[in-house]
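Spelled out, the chains give:
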Amino acid sequence: MNFERRKYENKSRNKNNNCNIRSNLERSSSQTSINKNQELTIQYDRRHCPYQLLCKEFISSLSWPEIYFNNLYDRCYCFRCYSENKSDAYLIANSPYVIPRGWVRFGIHVDNVKAQVEDIWKKWHNTYHGTDIHSALSIIKHGQFLLKGDTFENGDQLNCRCPYLYTSPTIKYSARNAYAKPNRFVTSNGECFIAKIVLQCKQKPGTYNIQGATGNARREKKICNIISNDKIEYYTDIRASVIPYGVMVQLTAVDT
Ligand SMILES: [Zn+2]
């Protein structure tokens, strides 16, 4: 049992148990000292989560300009950093924020004036947009999503079939291969992973339509334990209503 899990289990016990634990700890100073060291180890592990470090290595391997990132909002949602006892979802602006379990967020800068004027952190919904590495960088670089017919900085035009921008309230849907393209990633230690990227967004209520799963996802019984399949995809043609604020990374180990 790791220290992280032990701490959460201790927390969930009743008060009497906690008293017993406390009195046991107070029996000797050496015991107290050992437990203090355990606490330090817990904090150390959280700040240096090995999974988060691997995801960071993946992000670094992309060589994106560091200035795009705002590491104040980095957060790991692996099973150690976000305990299984914690909630799978929260209500934000009367909409479920589905916790991206198993993913690591790397914060990116947002337009602070717009964020304050619109009060996006409290009033906008949390959504996800699965994409490939090239498109993710393009969205961050342009500071917004592009829509069909838009012209990139290099003069190329965005030619896609649909005039809409698609998001989902659950990362389980956005992370599907059809959206978040899998990338092979080999770490500096030679370990091999499949890496995926999903953008975490704030999305303005009342500016998007909701529909059921599309494509192959229609055949799946239940994609997410929080969001039903018939309300799992959002679409909009209002680009300013979606603001990406984090790059989510997931690594899955593969045999070399
Ligand atoms: Zn972690």
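Refer to the structure printed above.
Below, the structure is looked at part by part. (Residues numbered from 1 in each chain as written. Predicted model: local features only at pLDDT ≥ 70, side-chain atom pairs only at ≥ 80, totals over all residues. Heavy atoms only, no water.)

### Topic: the overall build of the chain
Counting its regular elements, the chain contains eight helices and 11 strands. Sequence separation of at least 24 residues holds for 73% of the intrachain contacts in the chain that already meet a minimum separation of 6. Total accessible area computed for the chain in this model is approximately 15,000 Å², and 49% of it derives from carbon and sulfur atoms. (Helix = DSSP H or I, 4+ residues; strand = E, 2+ residues; numbered from the N terminus. Contact = heavy atoms within 4.5 Å. Areas by Shrake-Rupley, 256 points an atom, 1.4 Å probe, with all protein chains shown as cover.)

### Some details on the packing of aromatic side chains
By the definition in use, this model includes nine aromatic pairs. Ring centres of Trp121 and Tyr245 lie 5.1 Å apart, and the angle between their planes is 85°; on these two criteria the pair is classed as edge-to-face. With a gap of 124 residues between them, Trp121 in helix H6 (residues 120-123) and Tyr245 in strand S11 (residues 242-253) connect regions that are remote in the sequence. Residue classification places Trp121 among the partly exposed residues on the basis of a relative accessible area of 41%. The class for Tyr245 is buried, based on a relative accessible area of 8%. With a centroid separation of 6.5 Å and an interplanar angle of 80°, the aromatic rings of Tyr164 and Tyr166 are classed as edge-to-face. For Tyr164, a relative accessible area of 34% translates into the label partly exposed. For Tyr166, a relative accessible area of 26% gives the class partly exposed. (Phe/Tyr/Trp six-rings, centres within 6.5 Å; stacked < 30°, edge-to-face > 60°. Buried < 20%, exposed > 50% of the residue type's maximum accessible area, 1.4 Å probe, protein only.)

### Re the coordination of the zinc ion
The protein atoms that coordinate the zinc ion are Cys49 (SG), Cys76 (SG), Cys78 (SG) and Cys81 (SG), at distances spanning 2.2 to 2.3 Å. The coordination sphere of the zinc ion comprises four donor atoms, whose angles at the metal cover 106 to 116°; the geometry is tetrahedral. Each donor residue of the zinc ion lies on the same chain, and together they follow the pattern C-x26-C-x1-C-x2-C. Note on Cys78: relative accessible area 5%, which makes it buried. (Donors = N, O, S within 2.8 Å, 3.2 Å for Na, K, Ca; no water. Tetrahedral: all angles 85-135°; square planar, octahedral: opposite > 155°, others 65-115°.)

### Observations concerning the side chain of Asn183
Inspection of the secondary structure puts Asn183 in strand S7 (residues 183-186). Of the residues examined, Asn183 reaches a relative accessible area of 19% and is grouped as buried. Polar contacts involving the side chain of Asn183 include one to the main-chain carbonyl oxygen of Lys181, which spans 3.0 Å. Ignoring sequence-local partners within four residues, the contact set of Asn183 consists of Ile133, Phe193, Ile194, Ala195 and Lys196. (Polar contact = N/O pair within 3.5 Å; in protein donor to acceptor, adjacent residues only side chain to side chain.)

### Digging into the pattern of salt bridges
Summed over all chains, the structure comprises three salt bridges. The partner of Asp88 in a salt bridge is Arg101, and the shortest N-O contact between them spans 2.7 Å. Within this pair, whereas Asp88 is found in the loop between strand S1 (75-76) and strand S2 (89-92), its partner Arg101 is found in the loop between strand S3 (95-98) and strand S4 (104-107), the two being separated by 13 residues in sequence. Accessibility expressed as a relative area gives 29% for Asp88, which makes it partly exposed. (Salt bridge = Lys/Arg side-chain N within 4 Å of Asp/Glu carboxyl O.)

### Remarks on the state of the cysteines
By the definition in use, this model includes zero disulfides. Cys55 carries a free sulfur, and the closest cysteine sulfur to it, the one in Cys76, is 6.8 Å from it. With relative accessibility at 0%, the residue Cys55 sits in the buried group. (Disulfide = S-S within 2.5 Å.)

### Overview of the pairing of S2
Residues in a regular strand point their side chains to alternate faces of the sheet. Taken together, the four bridges between S2 and S3 define a ladder with antiparallel strand orientation. By the bridge assignment for S3, Tyr90 is matched with Tyr97. Linking two consecutive strands that pair antiparallel, namely S2 and S3, is a turn of two residues; a positive phi of about 50° is found at Ala93 within it. (Pairing = 2+ DSSP bridges.)

### Points about helix H4 (residues 50-61)
The end-to-end C-alpha distance of H4 is 17 Å, a good match for the 16 Å that 12 residues give at a rise of 1.5 Å each. Every buried residue of H4 is listed here: Tyr51, Gln52, Leu54, Cys55, Phe58 and Ile59. Burial along H4 is one-sided: seen end-on, the buried residues are contained in an arc of 160°. (Expected span 1.5 Å × (residues − 1). Arc of directions from axis to C-beta.)

### Some details on the layout of surface pockets
In this structure, the largest pocket spans a volume of roughly 1,000 Å³. As for the largest pocket, its lining consists of 36 residues, and the residues nearest its centre are His129, Cys160, Tyr164, Tyr166 and Tyr179. The set of elements that each furnish at least two residues to the lining of the largest pocket consists of strand S5 (125-131), helix H7 (133-142), strand S6 (165-167) and helix H8 (171-174). Partitioning the lining of the largest pocket into residue classes produces 16 nonpolar, 14 polar and six charged. (1 Å grid on protein atoms, 1.4 Å probe; cavity = no way out; pocket = protein on both sides within 12 Å on 5 of 7 lines; lining within 4 Å. Points joined across faces, edges and corners; volume = space filled by probe spheres on them. Nonpolar A, V, L, I, M, F, W, Y, C, P; charged D, E, K, R; others polar.)

Everything listed is a geometric property; what it means functionally is a separate question.
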